[in-house]
Amino acid sequence: MNSLGDGVYLVTSAFYFARIVGLPATEIGLGLTLGWAVGTVAGVPLGHLADRRGPRGVAVLLALTTATAVGSFMFVRSFGLFVLVACLYGTAQTGLAAARQALLAGLIEPAQRTAVRALLQATLNGGLAVGAALGGLALHLDSRPAYLALFALDALSFLAAAALLLRLPAVPAVSSVAGPRLAVLRDRPYALVTLINAVLLFYMPLLSLIVPLWIATRTSAPTWMVSVLLLVNTGGVVLFQVRVARRVQNLRDASVSVRYAGLVMFAACAVFALSPYGWVFLLVAALLQVGSELLLAAGAWEISFGLAPDDRQGQYQAFFGTGVAVARMLGPVVLTTLVLGGGTLGWLLLGAAFATAGAAMAPAVRWALRERPVAQQGHA
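Conventions used here
Residues numbered from 1 in each chain as written. Predicted model: local features only at pLDDT ≥ 70, side-chain atom pairs only at ≥ 80, totals over all residues. Heavy atoms only, no water. pLDDT = per-residue confidence, 0-100. Helix = DSSP H or I, 4+ residues; strand = E, 2+ residues; numbered from the N terminus. Contact = heavy atoms within 4.5 Å. Phe/Tyr/Trp six-rings, centres within 6.5 Å; stacked < 30°, edge-to-face > 60°. Buried < 20%, exposed > 50% of the residue type's maximum accessible area, 1.4 Å probe, protein only. Lys NZ or Arg CZ within 6 Å of the ring centre and 35° of its normal. Core = buried A, V, L, I, M, F, W, Y, C linked by side-chain atoms within 4.5 Å. Axes fitted to C-alpha atoms, helices over the stretch in contact; angles between N-to-C directions. Parallel < 35°, antiparallel > 145°, perpendicular 65-115°, else oblique. Nonpolar A, V, L, I, M, F, W, Y, C, P; charged D, E, K, R; others polar. Salt bridge = Lys/Arg side-chain N within 4 Å of Asp/Glu carboxyl O. Patch = residues over 30% accessible without salt bridge, like charges linked within 9 Å, V, L, I, M, F, W, Y side chains within 5 Å. Areas by Shrake-Rupley, 256 points an atom, 1.4 Å probe, with all protein chains shown as cover. Lys, Arg positive; Asp, Glu negative; His and termini not counted. Charge placed at Lys NZ, Arg CZ, Asp CG, Glu CD. Left-handed = near helix turned anticlockwise from the far one by under 90°.

Colleague: Sorry if this is basic, but what is going on with the confidence of the model for the chain here?
Modeller: Interpreting fine coordinate detail is not advised for predicted regions of low pLDDT. Of the residues in the chain, 96% have a pLDDT of 70 or more, and the chain-wide mean is 90. When pLDDT is averaged over each helix and strand of the chain, the minimum, 42, is found for helix 14 (residues 374-379) and the maximum, 98, for helix 10 (residues 251-273). Note that pLDDT drops below 50 for residues 374-380; the model gives that stretch 12 contacts with residues more than four away or on any other chain.

Here it is, written out as structure tokens:
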């Protein structure tokens, strides 16, 4: 239900704010960036709240808050109000993701967490596809009633998600923990692991922004190829994410998976650079990219859970999740400059950055394990 609403929002929001609300593109970009920035800052405290008050109740509250924020977008008529609602939306979404991860960690045995997370990711992509299809219908109609109906559906989807979360068993709250309240902010090895993952997550704007612009300006491929590549990506995750995740059983497997993800993404970037010479290179590159995405996701989930103390899963998952916000905020600017400005060399430099980050994960994980208590090392 979350991803169904997210799919609707991702496809329609920019057009709604520009065509119906009448905001300039620069104000839309600034408002959304501020919203995710505030959400990133609020994520760790909200994750800590999930640890101390119980992740299920906090997840339900944040799902309801997200529904409220989405519903409020329907009444936005000025830039100031748009920024306020965007901040509420970004905060609720970031906190909700952390609370759900903490709930998963509390309900699922450690050995099964990555496999279950993979199943959720496959379901998420299916929901995004359905939501995007509904959003496409609103774009085709391009009218205020159509957009408002989709925003109402988005809000309802988060109300339904809250109801579904209430049906899950409750995870006991952590009454008290030793050490600083927000311990993750002092955990340097975990911060390094999170930074490496954030670099690898810069693949996120590729298919949604960079490749479409590359196709339009550097290749002779038709614009509908963008839809084909997105379908390849979504279908690949739905069909194969669970299978790939089954091979990741521990932190060593996870580090290897992330290293391979960096190498495969380097290959994808190299093939994208060849796409001006034929459409087939776009398809091959898209297949390589989704393969890298599957490997990275499986490895990153195992690492994020395995290195986090069980009594602080909420705040640790929130901190690890900041990589997504960083990629969303900085990725478009960095990748546009590097790829569209640098051409083939830019693609190769981007691929080299992915490969280097992937190779750096294993030593970072080993450092994190050396800093952990002996009991937790054995548990991981």
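Colleague: I'm lost on the packing of aromatic side chains in this one. Help?
Modeller: Inspection of every chain in the model, using the stated rule, returns 19 aromatic pairs. Ring centres of Y190 and F320 lie 6.0 Å apart, and the angle between their planes is 55°; on these two criteria the pair is classed as tilted. Of the two residues, Y190 is situated in helix 7 (residues 188-200) and F320 in helix 12 (residues 313-320); the sequence distance between them amounts to 130 residues. Pair check on accessibility: Y190 and F320 agree, each one buried. Grouping aromatic residues by their ring pairs yields a cluster made of Y9, Y16, F17, W36, F73, F82, Y89, Y147 and F151. The ring of Y260 has R259 lying over it, and the distance from NZ or CZ to the ring centre is 5.5 Å.

Colleague: Explanation requested: the nonpolar core in the structure shown.
Modeller: Here is a general trend for soluble globular proteins: nonpolar side chains tend to be buried in one another's company. Formed by 65 residues in total, the largest nonpolar core has its most connected members in L206, I303 and W347. Listed by contribution, the elements that provide at least two residues to this core are helix 7, helix 8 (204-218), helix 9 (225-245), helix 10, helix 11 (280-306), helix 12 and helix 13 (322-370). In terms of residues, this core owes the most to one element, helix 13, which gives 12 residues. Those residues in contact with L206, other than ones at most four positions away along the chain, are V211, P212, M265, Q289, L335, W347 and L350. Listed in part, the 24 residues of the second largest apolar core include F17, I20, V21 and Y89.

Colleague: I keep staring at the packing of helix 5 (residues 113-141) against helix 9 and nothing clicks. Help me out?
Modeller: The packing of two helices is summarised by the inter-axis angle and the distance between the axes. Remark: helix 5 packs on helix 9, axes separated minimally by 8 Å, with the N-to-C direction vectors making an angle of 175°. Classified by the interaxial angle, the pair formed by helix 5 and helix 9 is roughly antiparallel. Listed contacts from helix 9 to T114, A118, L119, Q121, A122, N125, G126 and A129 of helix 5 are T234, V237, V238, Q241, V242 and A245. In the contact of helix 5 with helix 9, the residues fall into eight nonpolar, six polar and no charged.

Colleague: Honestly, the pattern of salt bridges in this entry has me stumped. Any pointers?
Modeller: Close approach of charged atoms allows side chains of opposite charge to pair. For the structure shown, the criterion picks out two salt bridges. The shortest N-O distance in the salt bridge between D142 and R19 comes to 3.3 Å. One end of the pair, D142, is in the loop between helix 5 and helix 6 (144-166); the other, R19, is in helix 1 (residues 2-21), with 123 residues separating them in the sequence. For D142, a relative accessible area of 34% puts it in the partly exposed group. For the salt bridge of D310 with R113, the shortest nitrogen-to-oxygen distance reads 3.9 Å. You can see D310 sitting in the loop between helix 11 and helix 12 and its partner R113 sitting in helix 5, a full 197 residues away along the chain. Looking at D310, the relative accessible area reads 47%, which means it is partly exposed.

Colleague: Looking at this structure, I do not really get a positive patch on the surface. What am I missing?
Modeller: A surface patch of positive charge is lined by R252, R259, R366 and R370. Taken together, the elements giving at least two residues each to the positive patch come down to helix 10 and helix 13. Mapped onto the elements, R370 comes out in helix 13. Judged by relative accessible area, R370 falls into the exposed class, the value being 59%.

Colleague: What exactly am I supposed to notice about the packing of helix 5 against helix 11 here?
Modeller: Between helix 5 and helix 11, the shortest axis-to-axis distance is 9 Å and the interhelical angle comes to 130°. It follows that helix 5 is oblique to helix 11 by the angle criterion. Regarding helix 5 and helix 11, the two cross each other, and that crossing is right-handed. For the pair helix 5 and helix 11, the contacting residues are R113, T114, R117, A118 and Q121 in the first and A298, W301, E302 and F305 in the second. Looking at the contact of helix 5 with helix 11, its residues break down into four nonpolar, two polar and three charged.

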